[in-house]
Amino acid sequence: MPNDRDYAVIIGINNYSSQYSQLNGPNRGAEEFKNILVTIGDIPNNNTNIKMITSNNILGNLNPTVSQIESAFNDIITQNNDVFSGRRLYIFLSGHGISLGNIDSKDPIDTALLTAEASNKAKSCHIAGIAYSNWFKMSAIFEDIILIMDCCRDDYSAMKARPPLIDENQIINKEDAGDVETFFIFSTKYPQKAKDSTVLNEMTPFTSKLIEGLKGAAKSDNGNHITAQSLYNYLYNLKLPNKQEPDSILNMNPDKVIFDLPNIEGDIQTNVNIVFSKQIQNACISYYDKNSKINITVKTQGQPTDNWNINLDYNKRYTLNVNEDEYTARIDTFGKLELNLTLEIN
């Protein structure tokens, strides 16, 4: 069943005014996040449920702007004019960002996505993620709000975030706001920077890992789905370049299901090619099923080897042991049909 009560505002900004560097990853990240919502989240692939605006990769054509993004939010408000008429709202914002003083004293720091027309003199050209999420929380249009921001969080907290350009009279029912659950996800901690990709149209390191998690790497131990807690734990344990540390604020039932994953394990396989930094004597790949360790394949040859090509089940987590547990590594096939690993063996 399509989740036609789910909506999304997805923004990716590669291109900025000359006062900001051009970026490589946000456009692609926005497109991949939309794809996840459609293929795994079962949101209808239309312009009603999903409002996606990205740069068009033409330098000097500065999109999206504040007004374009505001229009996307207002369209969703128009389509949902009753308490909890929507189930879930996803907000994905990727580009240059800063941290500002929040208009809501409960959250003293907000993170703002700078829009394409922003400049050093026009930092008011931004979308403050928490402020917008809190507006929807107060409105109680949606049962859940998931905010994802992949941007820097440089400290400009002496400046106040710009409030949403949405009429306060459109707030439907403040009395139900306490029942709205929220999950805020940031690609880096305040006031740190976020890493862009080094190749045009390649996802940023954070968004790449986020997508991998949503495809299955963040799978719960208690079923074939991703819960709020399993996604929180996955993000907490992420290792990103330049010691970038994601941050999350979870005000949601930890057992709430974010995505049900397709039941394709065992039907589709991942081709895994492992290259060892030196020749090994033996290796074993295993996984755990109901707390029991199962060895599925063992590579033991009469002569040493430095590579191994094998097919493993899609969407599973395996353990590789080399030279009788001298070296151990994890192999995740979540969301991958091919996987190339190079392992440094001491």
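Residues numbered from 1 in each chain as written. Predicted model: local features only at pLDDT ≥ 70, side-chain atom pairs only at ≥ 80, totals over all residues. Heavy atoms only, no water.

Enquirer: I tried to follow the sheet that holds strand E1 (residues 6–12) on my own but got confused; where do I start?
Expert: Strands in a sheet are paired, the pairing made by backbone hydrogen bonds, and the direction either parallel or antiparallel. In space, the 6 strands of this open sheet follow the order E2-E1-E3-E7-E9-E11, with mixed pairing throughout. The open sheet has two edge strands, strand E2 (50–54) and strand E11 (247–251), and neither has a second partner. When strand polarity is set aside, the average angle formed by the axes of neighbouring strands in this sheet is 5°. Bridging between E1 and strand E3 (residues 86–94) involves 7 bridges; their strand directions are parallel. For Tyr-7, the partnering residue across the bridge sits in E3 and is Leu-89. (Pairing = 2+ DSSP bridges. Helix = DSSP H or I, 4+ residues; strand = E, 2+ residues; numbered from the N terminus. Axes fitted to C-alpha atoms, helices over the stretch in contact; angles between N-to-C directions.)

Enquirer: Explain empty space enclosed by the protein to me, please; I cannot follow it from the model alone.
Expert: Where empty space is left becomes clear once a probe the size of a water molecule has been rolled over the atoms. Tallied over the entire structure, the rule returns 1 cavity of 30 Å³ or more. Volume-wise, the largest cavity comes out at about 50 Å³. Contributions of two or more residues to the lining of the largest cavity are made by strand E7 (142–150) and strand E12 (257–260). Considered class by class, the residues forming the lining of the largest cavity number 9 nonpolar, no polar and no charged. (1 Å grid on protein atoms, 1.4 Å probe; cavity = no way out; pocket = protein on both sides within 12 Å on 5 of 7 lines; lining within 4 Å. Points joined across faces, edges and corners; volume = space filled by probe spheres on them. Nonpolar A, V, L, I, M, F, W, Y, C, P; charged D, E, K, R; others polar.)

Enquirer: Help me out: how do you make sense of the environment of Leu-320 in this one?
Expert: When you line up the elements, Leu-320 lands in strand E15 (residues 317–322). Here the alpha-carbon distance between Leu-320 and Ile-331, two residues 11 residues apart in the chain, equals 6.9 Å.

Enquirer: Please clarify how the packing of aromatic side chains should be interpreted in this entry.
Expert: With the rule as written, the count across this model stands at 9 aromatic pairs. Between Trp-135 and Phe-136 the ring centres are 5.2 Å apart and the planes differ by 80°, which places this aromatic pair in the edge-to-face class. Of the two residues, Trp-135 and Phe-136, neither departs from the other in class, the shared state being buried. What links up through ring pairs into an aromatic cluster is the set Tyr-7, Phe-73, Tyr-132, Trp-135, Phe-136 and Phe-142. Taking the ring centre of Phe-186 as reference, the NZ or CZ of Arg-153 above it sits at 4.1 Å. (Phe/Tyr/Trp six-rings, centres within 6.5 Å; stacked < 30°, edge-to-face > 60°. Buried < 20%, exposed > 50% of the residue type's maximum accessible area, 1.4 Å probe, protein only. Lys NZ or Arg CZ within 6 Å of the ring centre and 35° of its normal.)

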